[in-house]
Amino acid sequence: MSTFQAPKGTYDLIPPDSAKFLAVREAISAPLRDSGYGYIETPGFEDVELFARGVGESTDIVTKEMYTLTTKGGAELALRPEGTASVLRAALEANLHKAGNLPVKLWYSGSYYRYERPQKGRYRHFSQVGAEAIGTEDPVLDAELIILADQAYRSLGLRRFRILLNSLGDKECRPVYREALQGFLRDLDLDEETRRRIEINPLRVLDDKRPEVRKQLTDAPKLRDHLCDACKAYHEEVRALLTAAGVAFEDDETLVRGLDYYTRTTFEFVHDGLGAQSAVGGGGRYDGLSEMIGGPALPSVGWALGVDRTVLALEAEGVGLDIPATTSVYAVPLGEEARRVLFGVVTELRRAGVAADFAFGGRGLKGAMKSANRSGARFTLVAGERDLTEGVVQLKDMESGEQAAVPLAEVVTELTGRLG
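Section: the sheet that holds strand β16 (residues 403–407)
Pairing is mixed across the open sheet formed by 5 strands, whose spatial order is β13-β12-β14-β15-β16. With one partner strand each, in any of the chains shown, β13 (356–358) and β16 form the two edges of the open sheet. For this sheet the average axis-to-axis angle between neighbouring strands, irrespective of direction, equals 25 degrees. With 4 bridges joining them, strand β14 (residues 379–383) and strand β15 (residues 392–397) adopt antiparallel strand pairing. Its bridge partner lying in β15, T380 is registered against K396. Most of the contacts of helix α12 (residues 336–351) go to β13, to which it runs at about 160 degrees, and overall it touches β12 (329–333), β13, β14 and β15. The sheet strands contacting helix α15 (residues 411–419) are β12, β14, β15 and β16, and the helix crosses β14 at an angle near 165 degrees.

Some details on the nonpolar core
By size, the foremost hydrophobic cluster in this structure holds 47 residues, and its most contacted members are I134, L185 and L217. Excluding residues that lie within four positions of it along the chain, L185 makes contacts with L190, R195, I198, P202, V205 and L217. Formed by 41 residues, the second largest nonpolar core is a distinct cluster that contains Y11, V24, Y153 and L314.

Reading guide: rules and limits
Residues numbered from 1 in each chain as written. Predicted model: local features only at pLDDT ≥ 70, side-chain atom pairs only at ≥ 80, totals over all residues. Heavy atoms only, no water. Pairing = 2+ DSSP bridges. Helix = DSSP H or I, 4+ residues; strand = E, 2+ residues; numbered from the N terminus. Axes fitted to C-alpha atoms, helices over the stretch in contact; angles between N-to-C directions. Contact = heavy atoms within 4.5 Å. Core = buried A, V, L, I, M, F, W, Y, C linked by side-chain atoms within 4.5 Å. Buried < 20%, exposed > 50% of the residue type's maximum accessible area, 1.4 Å probe, protein only.

What is shown is where atoms sit, not what they do.
Below, the structure written as structure tokens:
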């Protein structure tokens, strides 16, 4: 074993578990790809200021959890703690919003980094699939994204997840609520750090999970009582669209996402089988983020779903994914000439689109057949000197156990036909 290990709070994705992660990424992205979302990939690190401005200087993500570094040239960079700010920065830099086709619909997949206390379902390096619809204010867009995430989870076989929904208001009505909330919070028995948060972003106090804080928040003013007519109407339309689409949700007036840029619609996907770390994903509308990072007004909405959390949710429900074997044909040569000939057959099969593997290293028949079994291959090709003299290979069906000699010249056609 190497003296090196993966850094604390991170994990390596290795077969066969990595196949689950790939299947989850595929299932989450499939409805997006079918709905006009194009793939975007951004750097793993960005200017620190992008996240300080966009995510919010008062958030735990920026104040405590960001991995930062100074380059040799003196630039301050941060490993990306989330995806939205990076995607919006890239879209603005490429002037995608000027191409005349709004909203700009993008999806992404990648690793993100936060210096957190590691526990099950909360890592310092985690994987997400996300989607952003940039440049349009329309409740239909908010509903579309929630419906697509619901569709993705249901396609995986998940059933015990819940969608929590709230509205955070906008720049017209939120300041009024903020003032009322600050007045309430200032009278509570809170520690100094939380008191500082009251002045910077009081909504974040509502997100505090500590029991001693939560019990004091019971009578906190409700945001819904302070929403302006426009925000109320917007939220009601999102709710009506989800209901019409048959997507169940729960109104949660305490739901405050942990990022400063959200406005109006905010939502979270939770799974009760995951214990304390019950959120598997979430998102919302962020109409002011573009201006925060120096762009024009571009009302937008998006979400990110955790791949690792989704895998844990599947395990909690006992849902097994139907992951096909990575190998369809496994070739076992007996002798030097057979190695050369069968490797040629394997190469031909691969060119014909058949997933084929080979018993490397000159192992004996018994050991090679064990490897063939472990590979999950449907068929095994075996050939020795006598077979080659006769111009055949032995084709074994690993499901039925039946074995027959097949002319060497016909084996590729035979296998592509059987597997087709």
